[in-house]
Every structure is written in structure tokens, then in C-alpha cells.
Amino acid sequence: MAQKGVQLSQETISCLICLDLLKDPGTLTCGHSYCMKCIKSHWDTEDEKTVYSCPQCRQTFTARPDLRKNTMLADLVEELKKTGLQAAPADHCYAGSEDVACDVCTGRKLKACKSCLFCLISFCEKHLQPHYDSPAYTKHNLVEPSKKLQENVCSRHDEVMKMFCRTDQQSICYLCSVDEHKGHDTVSAAAERREKQRELEVSRQNIQQRIQDREKDVKLLQQEVEAINGSADKTVGNSEKMFTELIRLMEKRRSDVKQQVRSQQQTEVSRVRELQEKLEQEITELKRRDAEMKKLSHTQDHNQFLHDYPSLSPLSESTHSSSIKIRPLRFFEDVTAAVSEVRDKLQDVLREKWTNISQTVTEVDVLLSEPENMTRAEFLKYSCDITLDPNTVNTELLLSDGNRKVRLTDQTNPYSSHPDRFTECRQVLSKKSLSGRCYWEVEWRGFGVDVAVSYKNISRTGSSNERTFGCNDKSWALDCNNNRYNFWYNNVSTPVSGPQSSRVGVYLDHRAGILSFYSISETMTLLHRVQTTFTQPLHAGLGMDYALFNESSAELCKLK
């Protein structure tokens, strides 16, 4: 009762605005008291209104009340301070709807700071103190405030669940362990916790390791971003420089052509002008002589005519041809033709090289996709148009369908001699080399058809191992027949399991060193994958076995 009275006295002398002990208290005519500063600040926000009110009982005043200090209440506050009483808890110390409330507090409950798993109730700081002071509470387990304490109580036996049934994977009380869980694998909750804690630590270690790995990956990717940006900036700068040099060279050549044409124009015009002036002088002289002769011819006195005739000087020979031969009116058109030829060649070079430049740019790919995770539609994005090279085909193989199909024959085909031709092995290489990412498919039939890739410098006439696809370190081959697949490299055969199909897909990522073979039917199945380092451009290759003539053929498919 004494404590309750003290609490009542403490609440009575607290300001309901700041929830602290009254400071310089003032009492309104309604009887409620506040700190002078608090109530004035409250009313300052109501200055624009015509009435003022008490924050507690809402009594209104038409004029702002003239506050005076409540001396008696102020003395009471000072006396209570001397007894060691503290101010009422601030509002943020009381439990809200989202907080765990102290189960011991009466009236307005304070926030709990701990929950006891033994007592199964929660305590504020004040009511928790005995757990710290009394030895009787030593074995009580204090945890962070929880609203789920009652979940630790068995709903059937109303006992604390201190056991765990591993058979049913649930917490139980002791009575449950000898009742419906009898014969089950049961342990104490603490033992199960230790076991799960160990598993949790292992999981955490794995997660932490993954975090470290991912952080390293992120760092590597950031470095890659910086490297990409640096390389791109450098490439753009170098390209700008080279194109600027090319433009300057073109400008210089344009200026040179213009200067030479104008210089030659001036020279030729001067020559023509000089000849023109001489001819005009000759015309003047001839006209003068003609006038003299005309005058003499009109002389009527015969003796005078005969006397003057000898005085006429003989007509000198012209220093110029009787007719000027002008070349066809072309003049500098040959220059225009020559410049046009240069332009056309330059356009052809730029057009051809631009394809290579553009393809090289699009092949820049830092994050290499794993082929196993790609769909056929994604592979088709890298499909390339491949044709076979007639200069490499063995004479017992016949090319057709625009050099896309090859068939084994029982006769020698009349191919011209060429140093690139396979003379001993029934093989053929593609015309163009393959680099970057490429995908193609081969439709085959017969026995012993090799689907291969090879460096161009594979031997054409050496020993069998040197020239046969898959029997050396310059070629890789998938040997296909109706019964099995075998992969060959450096004369080592590897059996390959997978669904039999008459169509094989080949994926090459030259830069990443990836070569994959796939069985293509209604589904796409990986047969074999190679991870290596390619040191040269590769060519697609097709080969035929020595048996069963006219039965084996292979065709490079047109992919859409």
C-alpha cells in the first residue's frame, strides 16, 4: 500500500505534457498543473486560435490564462526529490502495441527488457532486478523479450517443453516423452540445440565462405569493368587517331591531286596560248601581204606592175602544221577514272574489313556463358555460314550442294593438283577459318563419319597420325556411326555416351577454348565437351572412313 501511495504521489506531481517531474509548476483554473514552460509552449501553437484549452480535460478559455507559480506544488516536488523518488517514466518507456510488456507491472505496463524461460514471463528493468540479486534465480535462463513464451508450454500437459523428439521433429515436455512419444528418439532440448547449433555453425561457415567468394567475384568483376572501360577508351582513342591519320592522308592526296591537275592545267593552257599567239601573228602578217598583193593586182599600168612585182618578198614557210590535231576532248578524265578506281578499292577494303572489325567488337564477352546452360535457340545466334574448300578435298570425295555436302565415292574425282589437298585421307576442310563464337550442324549418314575441327597446318601427306583428324594435337574429331560415338584427340580415343542422332551440333568458343559436340533431335544433348587453349584459327572438317563406299556422306546444314 505504501508503494502504491508513493506511485500515486509521483504521478500526481508529473507534468502530463513532458511526463517528467513538474518544474516551476503552474495550475489552471480547472485544477490541472503543468510545467510553466510546457503549457506556454503548448499554447504558443494555439495563438492563431480564439480559445485556449487544458491538454488533459479540454476545458476552454476565451482568453489566454495568466499563469502563476503553484508554490505549494513546487515545494512538494522538491520534497519528493529529496526522498529519492524519480520522475515518471517517459512515454517511450511504456509498452506499445508492438512491444513486449512487463508481466509484473500493474496499470500502464512498462516495456520488458528480458524474458525468463524458466518463469515464462517477461520483466521490465525494475522487476527483473531480483533475477540479478537473488541466488535463487541463478539457473533461470534470461533471453531477449519474446511474445512467444507460451509456445514453450505443452498445450496437452501444461508443462514446459524441455525435450525434443527427433522422430517427429518437434519440441515436447517430459510427460510427452513417456506418453505418445514413447519409444521415439528423444533428447533434451539443450542437446538438440547443441547439435543444431553445430549444423548452424557449419552452414554459417559455408555462407561466410560463399560471401568471401562472392566478394572476391565482385572485386574481380569491378576490376573487369575497369579493364573493359580502359580497353574500350584506349581502343576508341587509337581508332580515332588512326582514322584521323587516314582522313589526313585522304585530305593530302585530295590536295595533291587538285594541285597536280591545276598545275598541269596551267602548263597546258600556257602552251596552247603561246601557239595561239604565234598563229594570230602569222594571220596578221598574211593579211598584210594579201593587201599588198591585192593593191598590186589592181595596178592598171603594165610597166608599173612589172616594176613593182619583183619587190614582193617571197612568202615564207609556216612554222606550224597546216592543221592542228586536237586530242579527243577527254583531257583529265583519266585522272577521274584513276581516283574512282582508288575510291572503289578503298570502299571494298573498308567494307570487307568493317565486317571483321564489327564481328571482333561483338565477340567481346567477359562473362562466358556455359554451353550446357544454353538452349538451341541461343546457340543459333552464333550460327555461321560454312562451305567446304575444294582445294582441300580428297579425290575420293565428291562435293555438291554449293560445297556444303560431301559424299564418299568409289572413283577418283578429277580435282586439280593443289598443295592443300588431302592426298591420303578422305577428308576436307572448310574454306574460311573460324574464330570467336561459332555454331554449326552436320547431317550425316553411313559408317565412320568424322565431324572435326582442325588447324590449317595439319599435314596433308605425312604419316597417318599426322594427317588424320583426331590422331594428332592439331585436330579434334567426333567419330559417328550408327552404333556409337567416339571422341578423338592426339590419337587417344574416348568413348562417348549419348542419344544416337543423324545430326550433330558443334559449338566453338575460340577465345574461351571451348569445343562442344551435341546430339540434335527433338532435344539437344551434350555428347562431349573440350576445354583447352586454341593457338591458331580453326577450320571445320569432315572425314569419311575407308569402308562401305557410297554409303557415307555429310552435309553442313543451313541454319535459320
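What comes next concerns the included structure. From a predicted model like this one, the values you see are computed outputs, not experimental measurements.

Bringing the pattern of salt bridges into the picture now. Under the defined criterion, the tally for this structure stands at 24 salt bridges. Within this structure, R376, E441, E443 and R503 form a network of salt bridges that share partners.

Our next topic: helix α6 (residues 189–297). Helix length check: α6 (109 residues) gives 155 Å between terminal C-alpha atoms against 162 Å at 1.5 Å per residue, within 8%. Among all positions of α6, only E192, R289 and L296 are buried. Along its buried surface, α6 packs onto β8 (163–165), β10 (186–188) and α7 (302–308).

The strand order across the open sheet formed by 6 strands is β13-β22-β15-β16-β17-β18, and the pairing between neighbours is antiparallel. Among the strands making up the open sheet, the edge pair consists of β13 (427–429) and β18 (492–496). Strand after strand, the sheet turns through a mean of 20° between neighbouring axes, direction not considered.

Turning next to unusual backbone geometry. Look at Q169: it is not a glycine, yet its phi comes out positive at around 55°. With respect to the helices and strands, the residue Q169 is situated in the loop between β8 and β9 (170–172). For N403, which is not glycine, the phi dihedral falls at a positive 60°. Inspection of the secondary structure assignment puts N403 in the loop between β11 (397–400) and β12 (405–408). In this structure N403 comes out as partly exposed when scored by relative accessible area, which is 27%.

Mapped onto the elements of the fold, S311 is located in the loop between α7 and α8 (333–362). Polar side-chain contacts of S311 include one of 2.4 Å to the backbone oxygen of D308.

A sheet is described by the order of its strands in space; here 7 strands give the open sequence β11-β12-β23-β14-β19-β20-β21, paired in antiparallel fashion. In the strand order of this sheet, the two ends are held by β11 and β21 (524–531), each with one partner. The sheet shows a mean angle of 20° between the axes of neighbouring strands, direction not considered. As judged from the 4 bridges shared by strand β14 (residues 437–445) and strand β23 (residues 553–556), these two strands associate in the antiparallel manner. Bridged to V442 within β23 is L556.

A separate point is the packing of aromatic side chains. If you walk through the whole model with that rule in mind, you get 10 aromatic pairs. Considering the side-chain rings of F422 and F469, the 5.9 Å spacing of their centres and the 80° angle between planes classify their relative orientation as edge-to-face. You can see F422 sitting in the loop between β12 and β13 and its partner F469 sitting in the loop between α10 (464–467) and β16 (475–480), a full 47 residues away along the chain. Of the two residues, F422 and F469, both sit in the buried class. The structure contains a cluster of three or more aromatic residues connected by ring pairs, namely F379, Y382, Y439, Y507 and Y518. Seen from the ring of Y94, R108 lies directly overhead, with NZ or CZ sitting 3.9 Å from the centre. Lying across the ring of F422, R460 places its NZ or CZ 4.8 Å from the centre.

Strand β15 (residues 449–455) sits mainly inside the fold: 7 of its 7 residues count as buried. Side chains of β15 alternate between two faces, with V449, V451, V453 and Y455 and D450, A452 and S454 buried alike. As paired strands, β15 and β16 are joined by 6 bridges and run antiparallel to one another. Each residue of the ladder has a partner; that of V451, found in β16, is L478.

In this fold, R437 is placed in strand β14. Polar contacts involving the side chain of R437 include one to the side chain of Y507, which spans 3.5 Å.

Another aspect to go through is the state of the cysteines. Tallied over the full model, the rule gives 0 disulfides. For the unlinked cysteine C154, the closest cysteine sulfur is that of C176, found at 3.6 Å.

The next point concerns the nonpolar core. Formed by 37 residues in total, the largest nonpolar core has its most connected members in V406, W440, W476, L478 and L515. Non-local contacts of W440, meaning those with residues more than four positions away in its chain, are made with C384, I386, L434, V453, V504, G505, V506, L508, A540, L556 and L559. Ranked by size, the runner-up nonpolar core spans 18 residues in total, among them L21, I39, C54 and L80.

The rules we used
Residues numbered from 1 in each chain as written. Predicted model: local features only at pLDDT ≥ 70, side-chain atom pairs only at ≥ 80, totals over all residues. Heavy atoms only, no water. Salt bridge = Lys/Arg side-chain N within 4 Å of Asp/Glu carboxyl O. Helix = DSSP H or I, 4+ residues; strand = E, 2+ residues; numbered from the N terminus. Expected span 1.5 Å × (residues − 1). Buried < 20%, exposed > 50% of the residue type's maximum accessible area, 1.4 Å probe, protein only. Contact = heavy atoms within 4.5 Å. Pairing = 2+ DSSP bridges. Axes fitted to C-alpha atoms, helices over the stretch in contact; angles between N-to-C directions. Polar contact = N/O pair within 3.5 Å; in protein donor to acceptor, adjacent residues only side chain to side chain. Phe/Tyr/Trp six-rings, centres within 6.5 Å; stacked < 30°, edge-to-face > 60°. Lys NZ or Arg CZ within 6 Å of the ring centre and 35° of its normal. Disulfide = S-S within 2.5 Å. Core = buried A, V, L, I, M, F, W, Y, C linked by side-chain atoms within 4.5 Å.

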